[in-house]
Structures are given as structure tokens and as C-alpha cells.
Amino acid sequence: MRFSSDLLEEIRNRCDIVDIVSEYVHLKPAGKGFKGLCPFHGEKTPSFMVSPEKQLFHCFGCGEGGNVFNFLMKYERLSFFEAVKMLAQKSGVPLPVDEEKEDILHKKKERLYKLNNLVVNYYRECLFRTNQGKKVINYLKKRGINDTSVEKYKLGYAPPSWDALTNFLKKKGYTYEELIKAGLIKKSKTEGKYIDYFRDRIIFPIFNLSGRVIGFGGRVLDGSLPKYINSPETLVYNKGSNLYSLNFAKEDIRKKNCIIVVEGYTDVLITQQYGFNNIAASLGTALTTKQIDLIKRFTDTVLIAYDADSAGNMATLRSLDLLVKSGLEVKVIDLPLGYDPADFLIKKGRKPFQNLIDKSLSLIDYKLKLLYSKYSIKTIEGKVKVIKEILPTLSVMGDEDEVRAQTKKISEELKLSDEAIRIDLVKYKKGLREFIPSFINPDSEDGNVKAEKILIGCMLENEQIARDILTKLKAEDFSVLLHRQIVTAIEKNLKDDKIVDSQKVIDYLNDDKAAKLISKILMKENITFDERIISGYVDTINNFKLIQGRKNLEKRAKILDEKIKISEKIEEDDLKELREIVRQLKNQSIN
């Protein structure tokens, strides 16, 4: 369709380019215009300029530029026709109708939006007009969610019936195929029947930036798993491309130049009830690049408010590195263990939460705090792990002065060479991911293996120390088979002869490898009789054992979690085992 120059002029006159671009890019005043980070190429120093006087934009970094139509075409990947249509709709300028050229995809999306609105109203009717729904309303009130939030966020309730929504929508003229593609029903694998996707759950409609319903989240009312499920991918819903509640929060985020990112629906509802309206949820813990692009439209400061367990998750920390890489300032609200933002606000109140915000840590400081609690920095092994896990964050920091300050601080805390850490950072930036840290001798070995050898030497040299060590460690605690065999021989030597004699241990083992290792340990290793140092080596071995055990538990938990997610019928034994694993992980502590 061709548009007249008069029509295009009218649309341009009604659409200020600064207002339109501000919906996508966080702009700051700069002279007679505005500047921001270019949305078309990665940059950390703003070179993207918008002129209200000339009604043009231009990036002095990548060269992109043009008028308001060009911007929308480039950013939204629209045709000229689609860009004109979008701006005409925004400005209220009527366009000539050409039904033949109406976009088919647009029609499908519009029908899906209409269907989602119908479903929102259905779930709300179930919440307010049924006896089960009234119980849910009482449940919401007990959880601290008030009537205003229920109305604002259009909360609803999916009844427990297998096909209540299916039957309702079939009567409205929708086909099974449409409803499956909309993520509202699915086909039972066991019986082949069409059943509702959400059953006996509180329903949270998910809105896009324009406030249109694109999908749904459902939360159970009891302790069953999975606790939350979201709509599957549809024509209008992509989990990694949206932030829950951003449509409500965007203006407040822009005014405060800060967004608080939480994990889930309840956190959003409660937090905004306490007056923190610059709030949005990531619909999961690991932020995506598309979600980060959304954030950058409105602010350059991000406050992460995940519960302690999620915030310490490595996938989460990696996604937070992406925020830093994108040029955003990132801080973490350090919530007490066992609290999420909703729980904390309900139990402690607004002021203590504000205090946590005021004391929030930079991402690098938060990550170091976690690493120092996770690994013993008294051991070489612990220091290696801290360095390797902090390098990804250091590598994406844009301010060189800040990087220097951080490496200096880390070197002092770990009692390492600042220069060595800087060398390792260069290696990491060059793409080397597996390397021996510069502060370690290339011929050195893992910290736990080194500790095992030194303790074996201590036991062979001193009978009393051998007895003390064997009250804290067993042969099976040693990770190397040959070490276990030597410790077993030492135990037998103590039991039979009441002493430790390296010659008899060698004779007992009658193994050339064992003889070579014992002679090497006694002649080369730094044998010590200092109780504090020995205790540190014992801790290194115990920590290694705990870490390995934790990895095995986490691996098993992941297998069970995946099994539960894909199963229609959840086995009680699986749930029981998963709860026990979670309990063990929470109770574990590493020195």
C-alpha cells in the first residue's frame, strides 16, 4: 500500500521521535537532544543521539540513523507498511483500509489476544463466583495479597476439573488445535483426551509491555510440585522475552531510574503493595538477553531481589554477569537466608526492606561474599575456585579503574599477588577457560590431594598425630585409592604394634607404587606438627568430600525435578526423595 506524503507528514507531526524512541531506549538529556546506549549494536558508552528539533536519530558508533519510521522498522523488524500502521494507531491517524493486504499473522495474534482475554474473564468468574474460588480469595488474603492487587493484576482461579475450560471454549467456537496452540489445553498421553493445562491453581495473567494478556502462570494452593507452571510458548508468548508487571512499572522505573527485579508473581504483588512500584519479575531466575534489552529501555540501574537460595545459583549469577556486560549498574539486595522479598516485607515491613536496598551490594561484592562462604580461602583449592568463579564477572566490567580496585582487594583478601590475578583475567578474556591460575606452581596438584599427602606424612612421622587425625578422618575419606590403602595400612600398624613405622607400612602393602609414594612424601612434602595447620588440611579433605556429595545430590535432584515436570502423574516416592535431598542440601555447610 502506498501512502500519500501528506498522510506520512501528519503521522510524523503527531508522533514525537523522543517519545517513541524512549519506549525502547533509556534516553538522557544531552545538549539540545538526548543520548543513550544504541539498541542496534553492543556498546557501553552512549553514542546514540536523538534530536527533537530535527526529529531524527543517529548512532555515531554503528552509523544507524533516520526518522521515526526507520527506527521502528529497524528495531521491531517491521516493513514500512507495518511501521506506518503502528504509528498511525499510536497517533490516532486513520489509515485507508485494504483488507486484501491485511497481515495474516497479525490476524492470528489478534484472535489469540481475544482468546486470552476471554480466558482471563473465565478464570476471574471461577475465582469470584464459585465456592472453591471464594476459598482461594481467603487464601490470597492470608498470603498478604489485598483486593487491589487481585483486581489490578486480574488474578483468577483454574478449577480442579480436567476439562472445564476446554468445554467452555469449545462452546465459544474454538477448535482443539487452536486451544493447544494457545497453550490452554493439552492432550493426555495416557487416555488421549483433551484436558485443561491449568487445574486447581491460582492464575496470574502475564501481560506484555502494552498491557495485553499474552499468557498465564499458575500456582498450587498446597505444597505439591511443581509449585508454578507457565504457559508454553505461543505466537504471542515467549518466557525469555517478557518481564512480569513491566507494563505497570515502566513509568515508575523511568522516573526512579531503577528497576527491582524479583523472581515471581507473589513477590511482585506484595512488593508493590508496600509502595515499591518499580518492580518486575523475571519469570524464572536466569535473566535472558531479551529481558535485559527490555530493562535497558527504561533504566541503567538494576536491583536484584531474589531469595538467598536462588541468588546464589550459578545460572543466576551468570545471567547477572550479562547485565553488567550490557552496561547496566547491578546491585544485589542481600536478603536473609530463608526469606524472599514478599516474606520479608510482610514480616519485617517497608523500612527494613528499604534499609536492605540502601545497603545493597555491587554484583562483584555479592558474588565474593558467596564464594568466601562456599569455599575455604585458607586452602589453595579454595583460592583457585574463588578466582575461577569471579573471573567471568571481572571480565565484563567496563570500568578499568574499578577492575583494578577489585583485583587489588581480592588479592589482599586471598593473600595473593594482584599481578597474578590480572594475568589470569587477561587469559580469561582471551577465551581460555581451563587454565592453572598464575599463583600456582604448574606442577602443583589439587588442594585435597596435596592435603592427603601431607596428612599421610604427618601420620607416618608421629604416632599421636596419627591417632588424632584418624578420629576425624577415615580411610574412605581420602579421594585417591593409593592414599586410602596407605591410611588403612597405618590404621593396622597402630592396632597391631601400637606405633606407626613407615618401614612396616611399606612391608604390609608390598606394593612398589606405595613404597615410592611413601618415600617421596617423607622426603619431599612439608610435614608439619602444627595443630592449626593440620586442622586446615583435615578441613580441606572434609570440604572436598562435602562438595562431591553436594554435586551428587544436586545431580539427582535435577533428574527428579525433570521427571516430575514431564510426568502427568507425580510419584510420591520421587517427591519424598526430592524433599529429602532439598533438606540435606539446606543442612550442609562447608567450612
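Use the structure listed above.
**Some points on the packing of aromatic side chains**
Inspection of every chain in the model, using the stated rule, returns 26 aromatic pairs. The ring of Phe-40 carries the charged tip of Lys-74 above its face, separated from the ring centre by 5.8 Å. Above the ring of Tyr-113, the side-chain terminus of Arg-212 is found at 4.0 Å from the ring centroid.

**Examining the nonpolar core**
Note on soluble globular proteins: their nonpolar side chains tend to be buried together. Among the nonpolar cores identified, the biggest contains 61 residues, and Leu-115, Tyr-123, Leu-184, Phe-216, Tyr-244, Ile-260 and Ile-333 are the most heavily contacted of them. If one sorts the elements of this core by residue count, helix H5 (residues 104–129) sits on top with nine residues. If sequence neighbours within four positions are ignored, Ile-260 has contacts with Phe-276, Asn-278, Ile-279, Ala-280, Leu-303, Ala-305, Ile-333 and Ile-357. Counting residues in hydrophobic clusters, the runner-up holds 48 residues, among them Ile-295, Leu-317, Ile-364 and Phe-439.

**A word on the pattern of salt bridges**
Enumeration according to the criterion identifies 26 salt bridges in this entry. We note a salt bridge from Lys-90 to Glu-23, for which the minimum N-O separation is 3.0 Å. Taken as a pair, Lys-90 in helix H4 (residues 80–91) and Glu-23 in the loop between helix H2 (17–22) and strand E1 (28–30) lie far apart in primary sequence, 67 residues in all. Residue Lys-90 is classed as partly exposed on the basis of its relative accessible area, which comes to 42%. Ionic pairing is found between Asp-496 and Lys-492, a salt bridge with its closest N-O pair at 2.9 Å. Here Lys-492 and Asp-496 lie together in helix H23 (residues 481–497), a separation of four residues that amounts to about one turn. Judged by its relative accessible area of 34%, Lys-492 is partly exposed.

**Side note on the sheet that holds strand E14 (residues 301–304)**
A sheet is described by the order of its strands in space; here five strands give the open sequence E13-E12-E14-E15-E16, paired in mixed fashion. Only two strands of the sheet have a single partner each, and these edge strands are strand E13 (279–281) and strand E16 (361–362). Two strands pair when backbone bridges link them, and E14 and strand E15 (residues 329–332) are joined in this way by four bridges, in the parallel orientation. In the strand pairing of E15, Thr-301 is matched with Glu-329.

**Re H23**
The end-to-end C-alpha distance of H23 is 24 Å, a good match for the 24 Å that 17 residues give at a rise of 1.5 Å each. Along H23, the residues classified as buried are Leu-482, His-483, Ile-486, Val-487, Ala-489, Ile-490, Asn-493 and Leu-494. End-on view of H23: buried residues confined to an arc of 155°, all on one side of the axis. Exposed positions of H23 whose direction lies more than 90 degrees from the buried face are Leu-481 and Lys-495. Note on H23: the residue one or two positions beyond its end, Lys-498, has a positive phi of about 65°.

**Quick notes on the packing of helix H21 (residues 447–461) against helix H22 (residues 463–472)**
Two elements in contact, H21 and H22, have axes separated by 5 Å at closest approach and are oriented at 130°. Relative to H22, the element H21 lies oblique. Across the interface between the two elements, Leu-455, Cys-458, Met-459 and Glu-461 of H21 pack against Glu-463, Ile-465, Ala-466, Ile-469 and Leu-470 of H22. Per-class residue counts for the contact of H21 with H22 are seven nonpolar, no polar and two charged.

How each quantity is defined
Residues numbered from 1 in each chain as written. Predicted model: local features only at pLDDT ≥ 70, side-chain atom pairs only at ≥ 80, totals over all residues. Heavy atoms only, no water. Phe/Tyr/Trp six-rings, centres within 6.5 Å; stacked < 30°, edge-to-face > 60°. Lys NZ or Arg CZ within 6 Å of the ring centre and 35° of its normal. Core = buried A, V, L, I, M, F, W, Y, C linked by side-chain atoms within 4.5 Å. Buried < 20%, exposed > 50% of the residue type's maximum accessible area, 1.4 Å probe, protein only. Helix = DSSP H or I, 4+ residues; strand = E, 2+ residues; numbered from the N terminus. Contact = heavy atoms within 4.5 Å. Salt bridge = Lys/Arg side-chain N within 4 Å of Asp/Glu carboxyl O. Pairing = 2+ DSSP bridges. Expected span 1.5 Å × (residues − 1). Arc of directions from axis to C-beta. Axes fitted to C-alpha atoms, helices over the stretch in contact; angles between N-to-C directions. Parallel < 35°, antiparallel > 145°, perpendicular 65-115°, else oblique. Nonpolar A, V, L, I, M, F, W, Y, C, P; charged D, E, K, R; others polar.

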